[in-house]
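Take a look at the letters that make up each chain.
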Amino acid sequence: MAKLRVGVLVSGTGSLLQAILEGQDSSYEVGVVASDRPGIRALERAEKAGVPTVVVEFPKGEAREIASEKIARTLRNHEVGLGVLAGFMKVVTANFFDILGVPAMNSHPALLPSFPGAHGVRDALAWGVRVTGTTIHFATPDLDGGPVIFQEAVEVLADDTEETLHERIKVVEQRLYPEAIRLFADGRLKLEGRRVHILPAPG
Ligand code: GAR
């Protein structure tokens, strides 16, 4: 099977991107990294790994649609077979998915459908839940609403701050995200309605 090329979207530190880069193997490779902001740590990580980078600024309002199109075209031009949102903090509009033309995934730092949006960790902590976690899911125009691939719980500790809780969640995301990409690359994710079945490894 040909290696899957993925295009990763980032906005910040890029610890997830790093895990995805380190997870590259015979199944997948990172072909391009796109960001909505210049000068971020995630772009440095991509450059260090020799992966081409692109910055597409994401203004508010109608221009968001143009930016979404631009970023989708960038990924297409790099012939990616999967879009990977890894800490991308801008909301892409529906045309992103149409133009991309291949599936996309997202990692969210909460157990969806609880606490969607930009502050999944903060909102879970403020709600007072005992358990939160991470969700790796197919991304769709419905924000944080696509079919779930993996979920794993993370306990909330009495003295947790948003930062300490997020750090423990990120450790789990860093383990699960490369695995989800690998399963997709190996053709082992089968979508049936909203449910994602993980097929056994061949042989
Ligand atoms: C991750 O926890 C990811 O789930 C979250 O941002 C963090 C990125 O960390 N994404 C979202 O909240 C998207 N709504 P990183 O920049 O260190 O990879």
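Residues numbered from 1 in each chain as written. Predicted model: local features only at pLDDT ≥ 70, side-chain atom pairs only at ≥ 80, totals over all residues. Heavy atoms only, no water.

A. Layout of the nonpolar core. If you look at the biggest cluster of nonpolar residues, it comprises 39 residues, and the most contacted ones within it are Val8, Met105 and Ile181. Among the elements of the structure, strand E1 (4-10), helix H1 (15-22), strand E2 (28-35), helix H2 (41-48), strand E4 (82-85), strand E6 (131-138), strand E7 (148-155) and helix H6 (162-185) are those that each provide at least two residues to this core. In terms of residue count, the dominant contributor to this core is H6 (10 residues). One finds Phe58, Val80, Leu100 and Ala139 within the second-largest nonpolar core, a separate group that totals 19 residues. (Core = buried A, V, L, I, M, F, W, Y, C linked by side-chain atoms within 4.5 Å. Buried < 20%, exposed > 50% of the residue type's maximum accessible area, 1.4 Å probe, protein only. Helix = DSSP H or I, 4+ residues; strand = E, 2+ residues; numbered from the N terminus.)

B. Local environment of the environment of Ala19. With respect to the helices, strands and loops of the structure, Ala19 is situated in helix H1. Since its relative accessible area comes to 14%, Ala19 is described here as buried. Note: C-alpha distance between Ala19 and Arg182 (163 residues apart in sequence) is 12 Å. Beyond its immediate chain neighbours, meaning those up to four positions away, Ala19 contacts Tyr28, Gln174 and Pro178. (Contact = heavy atoms within 4.5 Å.)

C. Spatial organisation of the side chain of Asp160. Here Asp160 lies in the loop between E7 and H6. A polar side-chain atom of Asp160 sits 2.7 Å from a polar atom in the side chain of Thr164. Polar side-chain contacts of Asp160 include one of 2.7 Å to the side chain of Arg168. Beyond its immediate chain neighbours, meaning those up to four positions away, Asp160 contacts Leu125, Glu155, Leu165 and Arg168. (Polar contact = N/O pair within 3.5 Å; in protein donor to acceptor, adjacent residues only side chain to side chain.)

D. Representation of the site of the ligand. Among the 14 residues in the neighbourhood of the ligand, the closest are listed as Gly14, Ser15, His166, Lys170 and Glu173. Here His166 contributes a side-chain N or O atom positioned 2.6 Å from an oxygen atom of the ligand. Note that an oxygen atom of the ligand is positioned 2.8 Å from one of the side-chain N or O atoms of Lys170. In the complex, 92% of the free accessible area of the ligand, which totals 450 Å², lies under the protein chains. For the shell around the ligand, the elements supplying multiple residues, two or more each, are H1, strand E5 (104-108) and H6. (Near = heavy atom within 4 Å. Areas by Shrake-Rupley, 256 points an atom, 1.4 Å probe, with all protein chains shown as cover.)

E. Molecular detail of the packing of aromatic side chains. Applying the stated criterion across every chain, the model contains 4 aromatic pairs. When the centroid spacing of 5.6 Å and the interplanar angle of 80° are considered together, the rings of Phe58 and Phe88 count as edge-to-face. Of the two residues, Phe58 is situated in the loop between strand E3 (53-55) and helix H3 (63-77) and Phe88 in the loop between E4 and helix H4 (94-100); the sequence distance between them amounts to 30 residues. The same class applies to Phe58 as to Phe88, namely buried. (Phe/Tyr/Trp six-rings, centres within 6.5 Å; stacked < 30°, edge-to-face > 60°.)

F. Highlighting the packing of helix H5 (residues 120-127) against H6. Interhelical geometry of H5 versus H6 gives an angle of 120° and a closest axis separation of 9 Å. Judged on the interaxial angle alone, H6 and H5 are oblique. Crossing handedness for the pair H5 and H6: right-handed. Taken together, the residues of H6 that come into contact with H5 (itself represented by Val121, Arg122 and Leu125) are Glu162, Leu165, His166 and Ile169. Class assignment of the residues belonging to the contact of H5 with H6 gives a composition of 4 nonpolar, 1 polar and 2 charged. (Axes fitted to C-alpha atoms, helices over the stretch in contact; angles between N-to-C directions. Parallel < 35°, antiparallel > 145°, perpendicular 65-115°, else oblique. Left-handed = near helix turned anticlockwise from the far one by under 90°. Nonpolar A, V, L, I, M, F, W, Y, C, P; charged D, E, K, R; others polar.)

G. Region of interest: the pattern of salt bridges. The full count for this structure, using the stated rule, is 10 salt bridges. Residues Arg182 and Asp25 are paired through a salt bridge, measuring 2.7 Å at the closest nitrogen-oxygen approach. Placement of the pair is Arg182 in helix H6 and Asp25 in the loop between H1 and E2, with a sequence separation of 157 residues. When its relative accessible area of 22% is taken as the criterion, Arg182 is described as partly exposed. Under the relative-accessibility criterion, Asp25 is labelled partly exposed at 26%. The salt bridge involving Asp160 is made with Arg168; its shortest N-O contact spans 2.7 Å. A network of salt bridges, in which partner residues are shared, links Arg5, Glu29 and Glu79. (Salt bridge = Lys/Arg side-chain N within 4 Å of Asp/Glu carboxyl O.)

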